[in-house]
Amino acid sequence: MSESASRVYDAVTEGGMSITPEAIDAAIMCAAMDCQDANGNISLARMYELTCELESINPFLNDIKPAVIINCAAYTNVDKAETESKLANTINYSAVDIISRWTKNNNKKLIHISTDYVFDGLSKLPLSENSNTNPINQYGNSKLKGEHVCLKNDTNSIIIRTSWLYSSFGSN
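Residues numbered from 1 in each chain as written. Predicted model: local features only at pLDDT ≥ 70, side-chain atom pairs only at ≥ 80, totals over all residues. Heavy atoms only, no water.

Chemist: I keep staring at unusual backbone geometry and nothing clicks. Help me out?
Modeler: In terms of backbone geometry, most residues other than glycine have negative phi values and most peptide bonds are trans. Here Lys-65, not a glycine, exhibits a phi torsion of approximately 50°, which is positive. Examined against the element boundaries, Lys-65 turns out to sit in the loop between α5 (57-64) and β1 (68-71). The backbone of Asn-107 shows a phi angle near 55°, a positive value even though the residue is not glycine. Locating Asn-107 in the fold gives a position in the loop between α6 (85-105) and β2 (109-115). (Helix = DSSP H or I, 4+ residues; strand = E, 2+ residues; numbered from the N terminus.)

Below is the structure:
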């Protein structure tokens, strides 16, 4: 188990959760990507930089050979995505395309985190995973494209749509 994964494993198990060290090594990409600063904290700037370097994704995955990937990387600034649509698409679509092809070709599992922004927000009824999507902004559109390519490339992928993620880093 990597030193990064060991720190994550210790934090998770001390919190009363149960998870194997192998699952940590395999599933948490940013911990294995040498994204820590000098104090051992995850550096979001470095994670962002690596995600934008699309050509680095396959060599990285080939090197660490994860059994499972939980793809939490995303461009999430909804308002700025309107003017930075190319960057939003690079992270939310192109990177997912590469990752999902890798998981399919290597018979590995991909869990991809998406968003409720793939919907227009107008429904008065509860939505299901089969409800019609209709993003109303570039952010939602880039995440929906990521979902589509994920399922096209690897039909065994799991997509989780969430309305909010919490973190000690950043504003969401």
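Chemist: I tried to follow the nonpolar core on my own but got confused; where do I start?
Modeler: Within soluble globular proteins, side chains that are nonpolar generally end up buried alongside one another. Ile-57, Phe-60, Leu-61, Ile-69, Ala-95, Val-96, Ile-98, Ile-99, Trp-102, Leu-110, Val-149 and Cys-150 form the largest nonpolar core, which has 12 residues in total. At the level of elements, α5, α6 and α7 (138-153) are the ones that each hand at least two residues to this core. Looking at this core element by element, the count peaks at 5 residues for α6. Counting 6 residues, the second largest nonpolar core, distinct from the first, contains Tyr-75, Val-78, Ala-81 and Ala-88. (Core = buried A, V, L, I, M, F, W, Y, C linked by side-chain atoms within 4.5 Å. Buried < 20%, exposed > 50% of the residue type's maximum accessible area, 1.4 Å probe, protein only.)

Chemist: Can you walk me through the environment of Asn-132 in this structure?
Modeler: On the secondary structure map, Asn-132 appears in the loop between β2 and α7. On the basis of relative accessible area, Asn-132 is assigned to the exposed category, the value being 73%. Measuring from C-alpha to C-alpha, the distance between Asn-132 and Phe-119 comes to 7.5 Å, with 13 residues separating the pair along the chain.

Chemist: Is there a simple way to think about the pattern of salt bridges in this case?
Modeler: It is possible for side chains bearing opposite charge to pair when their charged atoms get close. For the coordinates displayed, the defined rule picks out 3 salt bridges. Here Asp-97 makes a salt bridge to Arg-101, at a shortest N to O gap of 2.9 Å. Here Asp-97 and its partner Arg-101 are both found in helix α6, 4 residues apart, which amounts to about one turn of the helix. The exposure class of Arg-101 is partly exposed, given its relative accessible area of 41%. Note that Arg-161 is salt-bridged to Glu-147, the shortest N-O span being 2.6 Å. Residue Arg-161 is located in strand β3 (residues 158-162), and its partner Glu-147 is located in helix α7; the two are separated by 14 residues in the primary sequence. Taking the relative accessible area as the measure of exposure, Arg-161 reaches 28% and is therefore partly exposed. You can call Glu-147 buried: its relative accessible area is 3%. (Salt bridge = Lys/Arg side-chain N within 4 Å of Asp/Glu carboxyl O.)

Chemist: How should I be thinking about the layout of surface pockets in this particular structure?
Modeler: If you add up the space inside the second largest pocket, you get close to 180 Å³. In this structure, the second largest pocket is lined by Glu-129, Asn-130, Thr-133, Leu-144, Glu-147, His-148, Leu-151, Ile-159 and Arg-161. For the lining of the second largest pocket, the secondary-structure elements that each account for two or more residues are α7 and β3. Per element, the largest residue contribution to the lining of the second largest pocket is 4 residues, and it comes from α7. Partitioning the lining of the second largest pocket into residue classes produces 3 nonpolar, 3 polar and 3 charged. (1 Å grid on protein atoms, 1.4 Å probe; cavity = no way out; pocket = protein on both sides within 12 Å on 5 of 7 lines; lining within 4 Å. Points joined across faces, edges and corners; volume = space filled by probe spheres on them. Nonpolar A, V, L, I, M, F, W, Y, C, P; charged D, E, K, R; others polar.)

Chemist: Would you take a moment to explain the pairing of β2 for this structure?
Modeler: Put simply, side chains in a regular strand alternate between the two faces of the sheet. The buried count for β2 comes to 6 of 7 residues, which makes it a mostly enclosed element. Where β1 and β2 come together, 4 bridges link them in parallel fashion. From the neighbouring strand, Asn-71 faces β2, where its bridge partner is His-112. At this point the chain moves from β1, through α6, to the parallel β2, and the crossover so formed is right-handed. Relative to β3, β2 is paired through 5 bridges, and the arrangement is parallel. Counted as the bridge partner of Thr-115 is Thr-162 from β3. With α7 bridging β2 and the parallel β3, this β-α-β connection has right-handed handedness. (Pairing = 2+ DSSP bridges. Right-handed = clockwise from strand over helix to strand, strands pointing away.)

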